[in-house]
Amino acid sequence: MSAKHPIIAITGSSGAGTSTTTNAFRHIFRSFDIKATEIEGDSFHRYTRPEMEVQIRKAQEQGRHISYFGSEANDFNLLEELFEGYGQTGQGKIRRYLHSFDEAVPYNQMPGTFSPWHDLPESDLLFYEGLHGGIVTEENNVAKHVDLLIGMVPIVNLEWIQKIIRDTTDRGHSHEAVMSSIVRSMDDYINYITPQFSRTHVNFQRVPTVDTSNPFSAKDIPTLDESFVVIRFRGVKGVDFPYYLNMIDGAFMSRVNTMVVPGGKMGLAMELIITPLIEELMHKKGKKVSSTEWLLR
Ligand SMILES: Nc1ncnc2c1ncn2[C@@H]1O[C@H](COP(=O)(O)OP(=O)(O)OP(=O)(O)O)[C@@H](O)[C@H]1O
Ligand SMILES: O=C(CO)[C@H](O)[C@H](O)COP(=O)(O)O
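The chain appears in an unreviewed UniProt entry as Phosphoribulokinase from Catenovulum maritimum. Under the Catalytic activity (unreviewed entry) heading, UniProt states for the chain: "D-ribulose 5-phosphate + ATP = D-ribulose 1,5-bisphosphate + ADP + H(+)". Check the Sequence similarities (unreviewed entry) section of the UniProt entry for the chain; it says "Belongs to the phosphoribulokinase family."

Written as structure tokens, this is what we have:
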């Protein structure tokens with residue numbers, strides 16, 4: 001943790017919607033004139049796509065699995081070093097994992113490869129979205145460097161629908177290939193991904209209100225209006241539930257630390273909840289921001 005160079009992380013599984021919800025954060029950063037450097041969890045993969053295919057085959061021959069959720073396929077050392085270094089100096093180096101032709105062509109590279117390393121630009125805070133923002137293993141503790149940790153967790157059927165549809169439409173994978181990657185990832189999902197959601201300050205869990213009982217045959221992603229969002233707080237002081245309930249039409253409390261909002265209000269709920277938390281981080285840093293100004297914009 002670092003008052004001077006804070007780190008915000010949204011952590012979630014592949015297809016959970018961490019990239020999509022980054023927009024709510026971007027809006028807050030813009031409103032407060034905060035310079036946030038965004039980084040993606042996939043940058044910490046250890047292998048290019050062809051190298052990973054070799055690793056998957058090797059593991060299969062040895063009767064075991066390797067997946068993008070675990071420590072074998074990701075360099076948690078590198079992630080922890082970046083967070084620790086950024087907290088101390090506000091600097092660091094990053095590269096990108098290029099998923100699609102759209103991402104790869106500007107670098108004159110192929111999808112499934114890494115961009116060259118580059119220095120992080122100067123910033124007020126580091127914003128991570130990806131798989132491992134709250135990871136803790138025997139060797140590494142990434143979570144302890146994060147000042148605000150948010151979990152993005154659709155219920156698992158919805159997560160799979162989102163992953164299958166995104167990977168087949170945008171990333172050029174076959175339905176069968178995505179299904180087998182879900183199966184192959186299951187142990188790592190349980191051991192690496194889910195424990196993070198007990199370390200988060202706030203979890204946003206989207207729950208559909210339409211039938212998703214066979215996620216493998218779904219043709220489309222349930223819309224926000226076809227879902228509710230369960231929002232759980234942990235270790236956050238002074239949460240103003242009455243204010244949120246008043247501001248968000250249709251919101252209700254389901255437990256003392258848990259509020260439920262209609263899916264269509266997820267963006268509003270995120271902004272209302274996250275804004276004061278970011279404001280507090282900026283106050284600790286000594287940067288003046290005012291929520292009154294934000295509300296009037
Ligand atoms: N709230 C939402 N409502 C409807 N669709 C959503 C929502 N959130 C995400 N999606 C869809 O789910 C898919 C996966 O979302 P996204 O790419 O943001 O996931 P991700 O967590 O960043 O995945 P990865 O880490 O694998 O890149 C996308 O097609 C996105 O449009
Ligand atoms: O989203 C993922 C993990 O978060 C992908 O599964 C991983 O990045 C590999 O990507 P690709 O299948 O495009 O090579």
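Read on, since the account is not over.
Q: Got a minute to help me understand the nonpolar core in this structure?
A: General note: in soluble globular proteins, nonpolar side chains tend to be found buried as a group. Formed by 36 residues in total, the largest nonpolar core has its most connected members in Ile8, Phe25, Val202, Phe204, Ile231, Ile273 and Ile278. Broken down by element, the residue count for this core peaks at ten residues, all from helix H9 (residues 266–285). Counting 18 residues, the second largest nonpolar core, distinct from the first, contains Ala9, Ile94, Leu126 and Ile135.

Q: I'm lost on the site of ligand 1 in this one. Help?
A: In the vicinity of ligand 1 lie 15 residues, with Ser14, Thr18, Ser19, Thr20 and Arg166 positioned nearest. Between an oxygen atom of ligand 1 and a main-chain N or O atom of Thr18, the distance comes to 2.9 Å. With respect to ligand 1, the side chain of Arg166 contributes an N or O atom lying 2.8 Å from an oxygen atom. In isolation ligand 1 offers 630 Å² of accessible surface; the protein chains occlude 82% of this area. For the shell around ligand 1, the secondary structure elements donating two or more residues are helix H1 (18–32) and helix H5 (156–169). The element that contributes the greatest number of residues to the shell around ligand 1 is H1, accounting for three residues. Tallied by class, the residues present in the shell around ligand 1 amount to four nonpolar, eight polar and three charged.

Thresholds, definitions, all that
- Residues numbered from 1 in each chain as written.
- Chains lettered and ligands numbered in written order.
- Predicted model: local features only at pLDDT ≥ 70, side-chain atom pairs only at ≥ 80, totals over all residues.
- Heavy atoms only, no water.
- UniProt positions renumbered as here; feature names shortened; annotations may be inferred.
- Core = buried A, V, L, I, M, F, W, Y, C linked by side-chain atoms within 4.5 Å.
- Buried < 20%, exposed > 50% of the residue type's maximum accessible area, 1.4 Å probe, protein only.
- Helix = DSSP H or I, 4+ residues; strand = E, 2+ residues; numbered from the N terminus.
- Near = heavy atom within 4 Å.
- Polar contact = N/O pair within 3.5 Å; in protein donor to acceptor, adjacent residues only side chain to side chain.
- Areas by Shrake-Rupley, 256 points an atom, 1.4 Å probe, with all protein chains shown as cover.
- Nonpolar A, V, L, I, M, F, W, Y, C, P; charged D, E, K, R; others polar.

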